[in-house]
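Analysis of the macromolecular model
So the chains spell out like this:
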Amino acid sequence: MSLWEFANPVKFMALSGKVLPWVIGLAALTLIPGLIWGFFFTPEATNFGNSVKIIYIHVPSAMMAINIWAMMLVTSLIWIVRRHHVSVRAAKAAALIGVTMTVIALITGAIWGEPMWGTYWAWDPRLTSFLILFLFYLGYMALWAAIENPDTAADLTSVLCIVGSVFALLSRYAVNFWNQGLHQGASLSMDREEHVADVYYLPLLLCIAGFILLFVALVLIRTRTELRLVRLHRLEIRERMKDA
Amino acid sequence: MIALLVRDMRLAVRAGGGFGLGLAFFLIVSTLVPFGVGPEAAILSRIAPGILWVGALLACLLSLDRIFQLDFEDGSLDLLATAPIPMEGTVAIKALAHWLVTGLPLTLAAPGFGALMNLQSPGHYWIFITLLIGTPALSMIGAFGAALTVGLKRGGLLLSLLVLPLYIPTLIFGAEAATRGTAGLSAVTPLLMMAGITAGSVALLPFAAAAALRINLR
Amino acid sequence: MEMRVDNLSVARGGVPVLERVSFTLSAGQVLILRGPNGSGKTTLLRTLAGLQPPIAGQVSADPEHITYGAHADGLKATLTVEENLRFWAAVHGIEGIDAAVKGFNLNGLTHRPAGNLSAGQKRRLGLARLLVTGRPIWLLDEPTVSLDTASVGLFADAVRGHVAGGGAALIATHIDLGLKADTFDIGPFRANGDKTAPSQQRDRYADFDEAFS
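Residues numbered from 1 in each chain as written. Chains lettered and ligands numbered in written order. Predicted model: local features only at pLDDT ≥ 70, side-chain atom pairs only at ≥ 80, totals over all residues. Heavy atoms only, no water.

Moving on, we come to helix H3 (residues 41-62) of chain B. Residue pairs three or four apart in sequence face the same way in an α-helix, which turns once every 3.6 residues. All names here are of chain B. For H3, with 22 residues, the first-to-last C-alpha span of 29 Å sits near the 32 Å given by 1.5 Å per residue. Roughly 50 degrees is the biggest bend found in H3, and it falls at Ala 48, with proline Pro 49 one to four residues downstream. For H3, the set of buried residues is Leu 44, Ser 45, Ala 48, Pro 49, Leu 52, Trp 53, Gly 55, Ala 56, Leu 57, Ala 59, Cys 60 and Leu 61. (Helix = DSSP H or I, 4+ residues; strand = E, 2+ residues; numbered from the N terminus. Expected span 1.5 Å × (residues − 1). Bend = angle between axes of the 7 residues up to and from the residue. Buried < 20%, exposed > 50% of the residue type's maximum accessible area, 1.4 Å probe, protein only.)

This next bit is on the sheet that holds strand S3 (residues 30-34) of chain C. Residue and element names in this part refer to chain C. Read across the open sheet, the five strands follow the order S5-S6-S7-S3-S8; overall the sheet is parallel. In this open sheet, the two strands that pair with only one neighbour each are strand S5 (66-69) and strand S8 (182-185). Put simply, the sheet's adjacent strands are angled 20 degrees from each other on average, direction ignored. For S3 and S8, the ladder comprises four bridges, and the chain directions are parallel. Note on S8: the bridge partner recorded for Ile 32 is Thr 183. Packing against the sheet, helix H5 (residues 149-164) makes contact with S3, strand S6 (137-141) and strand S7 (168-172), and its axis sits at approximately 145 degrees to S7. (Pairing = 2+ DSSP bridges. Axes fitted to C-alpha atoms, helices over the stretch in contact; angles between N-to-C directions. Contact = heavy atoms within 4.5 Å.)

We now examine the environment of Leu140(C). All names here are of chain C. With respect to the element layout, Leu 140 can be found in strand S6. Along the chain, Leu 140 and Gly 69 lie 71 residues apart, while their C-alpha atoms are 4.8 Å from each other. Ignoring sequence-local partners within four residues, the contact set of Leu 140 consists of Leu 45, Gly 69, Leu 130, Phe 155, Leu 170, Ile 171 and Ala 172.

Residue and element names in this part refer to chain C. Overall, antiparallel pairing links the three strands, which are arranged S2-S1-S4 in an open sheet. Strand pairing shows two members of the sheet lacking a second neighbour, strand S2 (15-26) and strand S4 (56-59), which therefore form its edges. Along the sheet, successive strands turn relative to each other by an average axial angle of 20 degrees, direction set aside. For strand S1 (residues 2-12) and S4, the ladder comprises three bridges, and the chain directions are antiparallel. Across the sheet, the residue bridging to Ser 9 is Ala 56, located in S4. Against the sheet, helix H1 (residues 41-48) touches S1, S2 and S4, its axis set at about 125 degrees to S1.

Turning our eyes to something else, we now look at the pattern of salt bridges. Within this structure, the stated rule accounts for 19 salt bridges over all chains. Residue Asp78(B) is joined to Arg46(C) by a salt bridge in which the shortest nitrogen-to-oxygen separation is 2.9 Å. Within this pair, whereas Asp78(B) is found in helix H5 (residues 76-82), its partner Arg46(C) is found in helix H1, the two belonging to separate chains. Residues Glu176(B) and Arg180(B) are paired through a salt bridge, measuring 3.0 Å at the closest nitrogen-oxygen approach. Placement of the pair is Glu176(B) and Arg180(B) together in helix H8 (residues 156-182), with a separation of four residues, close to one helical turn. We note that Glu176(B), like Arg180(B), is buried. By sharing partners, the salt bridges in this structure join Arg7(B), Asp8(B), Asp71(B), Asp74(B), Lys94(B) and Lys76(C) into a single network. (Salt bridge = Lys/Arg side-chain N within 4 Å of Asp/Glu carboxyl O.)

This part takes up unusual backbone geometry. Of note in the backbone geometry, Asn118(B) takes a positive phi value of approximately 60 degrees without being a glycine. With respect to the element layout, Asn118(B) can be found in the loop between helix H6 (87-114) and helix H7 (121-149). The backbone of Arg20(C) shows a phi angle near 55 degrees, a positive value even though the residue is not glycine. The residue Arg20(C) is located in strand S2 in this model. Taking the relative accessible area as the measure of exposure, Arg20(C) reaches 46% and is therefore partly exposed.

The next subject is the packing of aromatic side chains. Scanning the entire structure with this criterion turns up 12 aromatic pairs over all chains. Taken together, a centroid distance of 5.6 Å and an interplanar angle of 75 degrees make the contact between Tyr125(B) and Trp126(B) edge-to-face. Residue classification places Trp126(B) among the buried positions, given a relative accessible area of 17%. Put simply, the rings of Trp69(A), Phe136(A), Tyr137(A) and Tyr140(A) touch in pairs and so form one group of aromatic residues. The ring of Phe87(C) carries Arg7(B) above its face, with NZ or CZ at 4.5 Å from the centroid. Across the ring face of Trp88(C), the terminal group of Arg129(C) is positioned such that the distance to the ring centre comes to 5.9 Å. (Phe/Tyr/Trp six-rings, centres within 6.5 Å; stacked < 30°, edge-to-face > 60°. Lys NZ or Arg CZ within 6 Å of the ring centre and 35° of its normal.)

With that settled, consider a nonpolar patch on the surface. Residue and element names in this part refer to chain A. On the surface, a cluster of nonpolar side chains totalling about 730 Å² of accessible area is made up of Ile 32, Ile 36, Trp 37, Phe 40, Phe 41, Leu 202 and Leu 205. When residues of the nonpolar patch are traced back to their parent elements, those giving at least two are helix H1 (9-40) and helix H6 (198-243). Considering every element that reaches the nonpolar patch, the biggest residue donor is H1, with four residues. Note that Leu 205 resides in helix H6. For Leu 205, a relative accessible area of 39% corresponds to the partly exposed category. (Patch = residues over 30% accessible without salt bridge, like charges linked within 9 Å, V, L, I, M, F, W, Y side chains within 5 Å. Areas by Shrake-Rupley, 256 points an atom, 1.4 Å probe, with all protein chains shown as cover.)

Written out as structure tokens, the structure is:
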């Protein structure tokens with residue numbers, strides 16, 4: 001039994017239908033306690049104040065924003081190479097969640113930036129990269145929306161996703177070069193464990209796990225919807241052909 | 001392939017607009033910016049390289065949808081797809097024709113338009129060099145975007161949305177090189193980066209664009 | 001030089017329209033493709049021309065031997081008749097365009113921009129393009145639209161000359177061209193869009209039906 005079998009719509013619909021309630025439950029069980037712990041049961045940081053608690057949303061959403069694009073790249077490649085419908089539908093489903101995560105990361109970043117640096121927006125490399133990522137998501141989704149034939153749309157958006165990934169990476173380097181970090185980005189980074197004490201770090205990990213599970217649940221729901229839409233489109237064409 | 005280039009150039013010249021439209025738009029941008037920013041010479045000369053780059057980029061964007069759209073509508077693209085020229089070659093030639101009609105005139109005109117923004121002496125040289133190296137990438141990336149949207153009835157706006165993020169690295173390195181050069185600093189790194197983007201785009205994007213065209217012709 | 005079509009299934013917009021089409025087009029043969037509007041003639045011709053992939057089956061001919069002519073002629077309004085023809089001749093590596101000009105009676109028009117021609121004259125120019133491709137297999141989709149009787153005669157002559165020289169033509173048309181030709185009716189090959197019908201291969205969306213049944 002190979003992993004590819006789950007790329008078959010029949011298998012996927014059956015399995016995802018069974019798994020979905022559990023994933024939703026697990027997401028709720030990690031995300032809600034994680035956020036409550038982070039917001040209400042961590043000590044106030046001496047020099048940051050309460051505003052630091054926004055990292056429990058900001059950091060996971062920012063991580064997801066990037067990782068979801070990476071997942072879309074992989075699923076787009078799978079569609080181009082192996083033509084599995086589930087794969088490309090999952091990419092489309094993920095895009096909407098990815099763009100939402102990007103917007104959340106940008107907005108929470110702005111809210112946090114105001115007390116931290118005294119400004120909602122700075123053309124800092126990290127912020128700029130997220131803005132560019134947001135534009136890439138927009139273009140990808142707009143291309144999906146513009147093309148009527150689902151297979152053509154799948155092919156073209158996959159090509160865009162692959163080429164776009166290369167340019168997104170280039171943009172990241174270009175932006176770093178363009179504005180060589182006017183402020184220290186390290187304090188934002190969650191992988192610098194030495195910067196974040198365990199009392200903050202553990203609930204953060206729980207929130208990250210929660211966001212990942214939330215994403216899995218949402219992407220399953222949306223992929224199921226997308227597959228239904230493909231079938232709907234297909235049935236409509238058949239009806240039209242019978243009339244003709 | 002030369003026949004295709006000759007035809008595209010001839011079409012651009014006869015249809016009018018080809019050379020003129022992009023240049024006129026570039027002139028308008030160069031004229032409007034001082035009205036918006038104010039006539040202060042010091043500010044203008046500082047932002048001139050960047051504004052000229054943004055203006056050239058937008059002028060380039062203006063004519064992208066014509067790279068394939070007309071040939072798609074009148075069936076030429078079907079016939080070219082079945083012709084002995086590989087699709088990748090068709091894409092490359094059409095991008096080259098677009099560059100000759102828009103990118104090259106913009107490059108030649110930019111130092112002159114710089115005068116409107118008080119561009120200082122080595123700046124003319126630098127804006128010319130950076131645009132000369134960078135605009136081929138703009139045409140090639142644009143051709144890729146045009147290939148993606150060729151099947152759409154009103155793809156113009158979507159084309160801009162798709163292409164603009166792809167233009168960001170070229171714009172950053174191009175404008176940075178022009179600014180540094182104008183200020184008398186070393187511009188070697190951004191210049192090399194931009195040349196790399198141009199070389200990579202010209203070498204690889206014809207394949208992606210040809211794939212997109214084949215999908216759209218299906 | 002022969003085109004053998006073997007168990008070919010073609011799809012439009014992902015839905016099969018024709019299934020298990022088989023025929024042979026040999027050198028010197030004219031085959032008239034018949035079938036009602038929307039039955040898949042254009043889809044079949046585009047698939048044979050290599051513009052879209054078949055969902056099953058084979059076409060034996062080399063795409064380099066095939067030229068495709070459709071409703072859209074690929075003419076440029078701002079180029080003259082001669083420039084239009086010379087371009088396609090150059091693309092296909094053919095030197096002269098005189099035979100094409102003479103064959104479709106375009107002599108007096110060579111310096112007129114194609115945009116100034118009447119619909120029938122444009123059509124003649126579009127068909128003259130076939131002669132400058134130098135390719136033996138012509139796939140034509142409704143070539144006689146907007147042609148008058150005399151021009152249809154010219155076209156028939158061109159096809160006759162083409163097959164006499166060892167070429168072949170597959171023509172989707174509703175009118176009688178007065179050619180010695182075989183007829184191929186695609187009616188029996190139409191896919192009825194019903195999934196219960198015996199199908200050559202599981203169509204690519206069959207999984208979807210199962211997934212939701």
